[in-house]
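Commentary on secondary and tertiary structure
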Amino acid sequence: QVQLVESGGGLVQAGGSLRLSCAASGGTFSRYAMGWFRQAPGKEREFVAGISWTGIRTMYGDSVKGRFTISRDNAKNTVYLQMNSLKPEDTAVYYCAADLNARNFIVVPTSIDEYDYWGQGTQVTVSS
């Protein structure tokens, strides 16, 4: 059983930065592709960023490219999301997810259905 716990959310002004963390326990973290998703009120959950096993490959949603950076520390079983130049439209609950079935070290899943475990979410609110 894999458990994911997000932290680092909060209230920030537009233009500011936040760093989210997701600590994983259970299983072999270094063999999981990891992702961040977000869901705003009344909207569907959307892909934000993903990273392969070793971090050699990353992918981003179009709305966050150039502003957000995903990284991981396999020694700490933790994945991060550095969010810069935040906008009010980034306001959402952010979820960490793990894909236990990524075929190799360069796969980065981008769809919700590909992820097996999810954290409880952390709220990010960006004020204008």
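Structure first, text after, so check above.
Bear in mind the structure is a predicted one, so any value in this text is a computation, not a measurement.

Reading the values: rules and limits
- Counting restarts for each chain, with residues numbered from 1 along the sequence as it is written.
- Totals for whole chains, interfaces and linings use all residues, but because this is a predicted model, local features are given only for residues with pLDDT of at least 70 and pairs of side-chain atoms are given and counted only at 80 or more.
- Note: side-chain values were computed over all heavy atoms of the structure, leaving out hydrogens and water.
- Helix numbers and strand numbers start at the N terminus; a helix is a DSSP run of H or I with at least 4 residues, a strand a run of E with at least 2.
- A simple rule labels every residue: compare its accessible area, found with a 1.4 Å probe on the protein chains alone, to the largest value its type can have, and call it buried under 20%, exposed over 50%, or partly exposed in between.
- Whether two residues are in contact is decided by their heavy atoms, any of which lying within 4.5 Å being enough.
- Accessible surface area values rest on a Shrake-Rupley calculation with a 1.4 Å probe, where residue burial reflects the displayed protein chains alone.
- Only four residue types enter the tally: Lys and Arg on the positive side, Asp and Glu on the negative side, with His and both chain ends excluded.
- Charge placement uses NZ in Lys and CZ in Arg. For Asp and Glu, CG and CD serve respectively.
- The criterion for a disulfide is a pair of cysteine sulfur atoms lying within 2.5 Å.

A count of helical and extended segments in the protein gives zero helices and eleven strands. Ordered by position from N to C terminus, the α and β elements of the protein give β-β-β-β-β-β-β-β-β-β-β. Among the 128 residues that make up the protein, the fraction classed as buried is 44%. Here the contacts in the protein between residues at least 6 apart in sequence split such that 61% fall between residues at least 24 apart. Total accessible area on the protein is roughly 6400 Å²; 46% of this is exposed by carbon and sulfur atoms. Averaging the coordinates of the 12 positive side-chain charges in the protein and doing the same for the 11 negative ones gives two points 6 Å apart.

The next thing to look at is the state of the cysteines. Under the defined criterion, the tally for this structure stands at one disulfide. Across a sulfur-sulfur distance of 2.0 Å, Cys22 and Cys96 are joined as a disulfide pair. Between Cys22 and Cys96 the sulfur-sulfur dihedral comes to about -75 degrees; the bridge is accordingly left-handed. One end of the pair, Cys22, is in strand β3 (residues 18-25); the other, Cys96, is in strand β9 (residues 92-99), with 74 residues separating them in the sequence. Comparing Cys22 with Cys96, the two get one shared label, buried.

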